[in-house]
Amino acid sequence: NNEKSVPQLLIRDLKFEKSSLAKLMFSPDQENHPSKAPVKYGELIVLGYNGSLPNGDRGRRKSRFALFKRPKANGVKPSTVHIACTPQAAKAISNKDQHSISYTLSRAQTVVVEYTHDSNTDMFQIGRSTESPIDFVVTDTVPGSQSNSDTQSVQSTISRFACRIICERNPPFTARIYAAGFDSSKNIFLGEKAAKWKTSDGQMDGLTTNGVLVMHPRNGFTEDSKPGVWREISVCGNVFSLRETRSAQQRGKMVENETNQLQDGSLIDLCGATLLWRTAEGLARTPTVKHLEALRQEINAARPQCPVGFNTLAFPSMKRKDVVDEKQPWVYLNCGHVHGYHNWGNKEERDGKDRECPMCRSVGPYVPLWLGCEAGFYVDAGPPTHAFSPCGHVCSEKTTAYWSQIPLPHGTHTFHAACPFCAHQLAGEQGYIRLIFQGPLD
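Small disclaimer: the values here were computed from a predicted structure and weren't measured. Throughout this document, residue positions are counted from 1 along each chain, in the order its sequence is written. Totals for whole chains, interfaces and linings use every residue, but because this is a predicted model, local features are given only for residues with pLDDT of at least 70 and side-chain atom pairs only at 80 or more, for both listing and counting. Calculated side-chain values reflect all of the structure's heavy atoms, with hydrogen atoms and water omitted.

A. Main features of the overall build of the protein chain. Counting secondary structure elements, the protein chain contains 6 helices and 27 strands. Accessibility here uses a 1.4 Å probe with only protein chains present; expressed as a share of the type maximum, an area under 20% marks a residue as buried, one over 50% as exposed, and anything in between as partly exposed. Scored against the burial criterion, the 442 residues of the protein chain give a buried share of 48%. For the protein chain, the proportion of contacts with a sequence separation of at least 24, taken over those separated by at least 6, is 62%. The method behind every accessible area is Shrake-Rupley, applied with a 1.4 Å probe, and residues are considered shielded solely by the protein chains displayed. Surface exposure of the protein chain reaches about 22600 Å², of which carbon and sulfur atoms provide 51%. Numbering of helices and strands runs from the N terminus, with a helix taken as a DSSP run of H or I at least four residues long and a strand as a DSSP run of E at least two residues long. Any two residues having at least one pair of non-hydrogen atoms within 4.5 Å are treated as being in contact.

Written out as structure tokens, the structure is:
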């Protein structure tokens, strides 16, 4: 009896093996590590890029950066505080092999806070510098720029060592953000002009020149999300209301009941680039590029037509997202009527930008439509029915509604809503429009 049951057990085990192998093969994070997938803390996505940098993603310069659990912990935590009477003494204290933060209070006094290894956390650094301590190199975002040559002429306002994110290595893998990053000699140096102060418990804290601002959305990053309030994060991770202008000497008021803990959908502004933080759980609920591709094919399969030329329109493939295709849909931004490209209504006395819609005679800008390909910006998996104005990036209704309400920092003291896919400032009453497609006549 026993002998007969053995082969059945084996068969059952083999079936189980096969199904679990299939799971491993198709889970995207595990393709390269079939034995054990590394833990993903989350991803940072730079606003203004529709899926990749204009000249392609390379190394540490890319439009999105995934934070994985490191093979060995590299986090640090504050330990000894030294008060040095001269800058030379401060230099002597800040050991090249040990992380430290130096606060210059005056020519006569510098406080050095040494940091020691923390085996429970991983540290990731973000900034403009290409030096090795920076994990994710971020340059200034120029709205709608198609090549990096557009961005190089601008004098950067992003700090070389802008900020650091510390992730707990154990569940729930909490991620926290701090202003400033450690340089190649493992030092953060706050000069005489930086805003800094002694805290009530005798520790030091300070702000960086242009500051690191954070906004946590209300109701998470979902179709019910609402914008939160922008705050400034200090070097030690405390939360403050905004300064009068970006680099004012006077710090804002401390906000006691808020923390530097990142949540799904938190925005991080580095004064020149804004990053969206998505947690691993949040990304698991977000539409994938495959899903967006299926929606594109579904719209194209419905064969929308130009009401003037009666030619069939089609959204170009995700890879061809910069070159206007002859079948490309165009839209009149005042009414939302979708057409193919045509020269109708291009009155000479108008400055060429405004056109008259042949369907309803409303006059306004006429632009090509582009699919929003960066899936991380979508708050839901709805169909691409709405477009941002004036850039023509297309995504779901809930996604356009959400981003059009968010005041993004611009320059040193202004805020405005922008398209997440190209960073263009939104225009018009709502900042987006519902698209009206005409189906095939046959």
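B. Region of interest: the nonpolar core. Of all hydrophobic cores here, the largest spans 46 residues; its most connected members are Leu44, Leu67, Ile126, Ile165, Ile177, Ile268 and Leu270. Excluding residues within four positions of it along the chain, Ile165 makes contact with Leu44, Leu67, Asp122, Met123, Phe124, Ile126, Ala175, Arg176, Ile177, Leu262 and Ile268. Here, the term nonpolar core denotes a set of buried Ala, Val, Leu, Ile, Met, Phe, Trp, Tyr and Cys residues that are joined through side-chain atoms within 4.5 Å. In terms of nonpolar packing, the next biggest core, distinct from the first, is built from 31 residues, Phe221, Trp230, Ala418 and Tyr432 among them.

C. Molecular detail of the pairing of strand β8 (residues 163-168). Among the 6 residues of β8, 5 are classified as buried, and the element is accordingly described as predominantly covered. Following DSSP output, two strands are said to pair if at least two bridges run between them. Note that strand β6 (residues 121-127) and β8 share 6 bridges and pair antiparallel. In the sheet register, Thr121 faces β8, and the bridge partner there is Glu168. Pairing of β8 with strand β9 (residues 175-179), which is carried by 5 bridges, proceeds in the antiparallel orientation. The partner of Arg164 across the bridge, within β9, is Tyr178.

D. Spotlight on unusual backbone geometry. Pro172 follows Pro171 through a cis peptide bond whose omega is 5°. Residue Pro390 is bonded to the preceding Ser389 through a cis peptide linkage, with omega at 15°. Its location among the elements puts Pro390 in the loop between β23 (386-388) and β24 (393-395). Look at Arg303: it is not a glycine, yet its phi comes out positive at around 50°. Position of Arg303 among the secondary structure elements: in the loop between α5 (289-301) and β18 (330-332). With a phi angle near 70°, Arg361 is a residue other than glycine that sits in the positive phi range. With respect to the secondary-structure elements, Arg361 resides in the loop between β20 (354-356) and β21 (363-368). Residue class for Arg361 comes out exposed when judged on its relative accessible area of 53%.

E. Up close: the confidence of the model for the protein chain. For the protein chain, the average pLDDT comes to 86, and 86% of its residues sit at 70 or higher. Between residues 1-34, whose pLDDT stays under 50, and residues either more than four places distant or in other chains, the model counts 8 contacts. Per-residue confidence from the predictor is given as pLDDT, running between 0 and 100.

F. Here's a closer look at helix α6 (residues 397-404). Most of α6 sits inside the fold, with 6 of its 8 residues counted as buried. Here α6 has its buried residues at Thr399, Thr400, Ala401, Tyr402, Trp403 and Ser404.

G. Fine view of α5. Look at α5: 18 Å from first C-alpha to last across 13 residues, which is about the 18 Å you get at 1.5 Å a residue. Among the residues making up α5, those that are buried are Leu292, Glu293, Leu295, Arg296, Ile299 and Asn300. With its buried residues spanning 160° around the axis, α5 presents them on a single face. Facing away from the buried surface of α5 by more than 90 degrees, the exposed residues are Lys290, Glu298 and Ala301. In this structure, the buried residues of α5 make contact with β22 (370-371). Expected span of a helix: the number of residues minus one, times 1.5 Å. This arc is built from the directions going out from the helix axis to the C-beta atoms.

H. Local environment of the sheet that holds strand β14 (residues 231-233). Across the sheet, 7 strands lie side by side as β2-β1-β17-β16-β13-β14-β15; this open sheet has antiparallel pairing. Of all strands in the sheet, those with a lone pairing partner are β2 (64-68) and β15 (239-240), marking the two edges.

I. Structural view of the packing of aromatic side chains. Geometry of aromatic contacts follows a simple scheme: Phe, Tyr and Trp rings, the Trp one being its six-membered ring, pair when their centres are within 6.5 Å, and the pair is stacked under 30 degrees between planes, edge-to-face over 60, tilted otherwise. All told, the structure shown has 18 aromatic pairs when counted by the stated rule. Aromatic ring contacts, followed pair by pair, group Phe221, Phe377, Tyr378, Phe388, Tyr402, Trp403 and Phe421 into a single cluster. For a Lys NZ or an Arg CZ to count as sitting over a ring, it must be within 6 Å of the ring centre and within 35 degrees of the ring normal. Sitting over the ring of Trp197, Arg251 keeps its end group 4.2 Å from the ring centre.

J. Region of interest: the pattern of salt bridges. For salt bridges, the criterion is a side-chain nitrogen of Lys or Arg within 4 Å of an Asp or Glu carboxyl oxygen. Under the counting rule described, the total for this entry stands at 15 salt bridges. The shortest N-O distance in the salt bridge between Arg169 and Asp122 comes to 2.8 Å. Of this pair, Arg169 sits in the loop between β8 and β9 while Asp122 is found in strand β6, placing the two residues 47 residues apart along the sequence. Each member of the pair Arg169 and Asp122 is classed as buried. Taking the shortest distance from any N to any O, the salt bridge between Arg160 and Glu131 comes out at 3.0 Å. You can see Arg160 sitting in the loop between α3 (148-152) and β8 and its partner Glu131 sitting in the loop between β6 and β7 (136-137), a full 29 residues away along the chain. Residue class for Glu131 comes out partly exposed when judged on its relative accessible area of 29%. One continuous salt-bridge network, built from bridges that share partners, spans Lys40, Glu43, Arg64 and Glu374.

K. Focus on the side chain of Asp140. You can see Asp140 is positioned in the loop between β7 and α3. With no salt bridge to any partner, buried Asp140 finds its closest opposite charge in Arg128, at an N-O distance of 5.5 Å. In this structure the side chain of Asp140 is engaged in a polar contact, spanning 2.4 Å, whose partner is the side chain of Ser156. Here the side chain of Asp140 touches Thr157 through a polar contact of 3.3 Å, landing on its backbone nitrogen. As used throughout, the charge tally considers Lys and Arg to be positive and Asp and Glu to be negative, leaving His and the chain termini uncounted. Any pair of nitrogen or oxygen atoms within 3.5 Å is treated as a polar contact; in protein, a donor-acceptor pairing is required on top of that, and neighbouring residues in sequence qualify only through side-chain atoms on both sides.

L. Geometry of the pairing of strand β5 (residues 109-118). A large share of β5 lies buried, amounting to 7 of its 10 residues. The sheet contact formed by strand β3 (residues 75-84) and β5 spans 8 bridges and is antiparallel. For Gly75, the partnering residue across the bridge sits in β5 and is Asp118. Examined bridge by bridge, strand β4 (residues 100-106) and β5 share 6 bridges and lie antiparallel to one another. Each bridged residue has a counterpart across the sheet, and for Ser106 the counterpart in β5 is Gln109.

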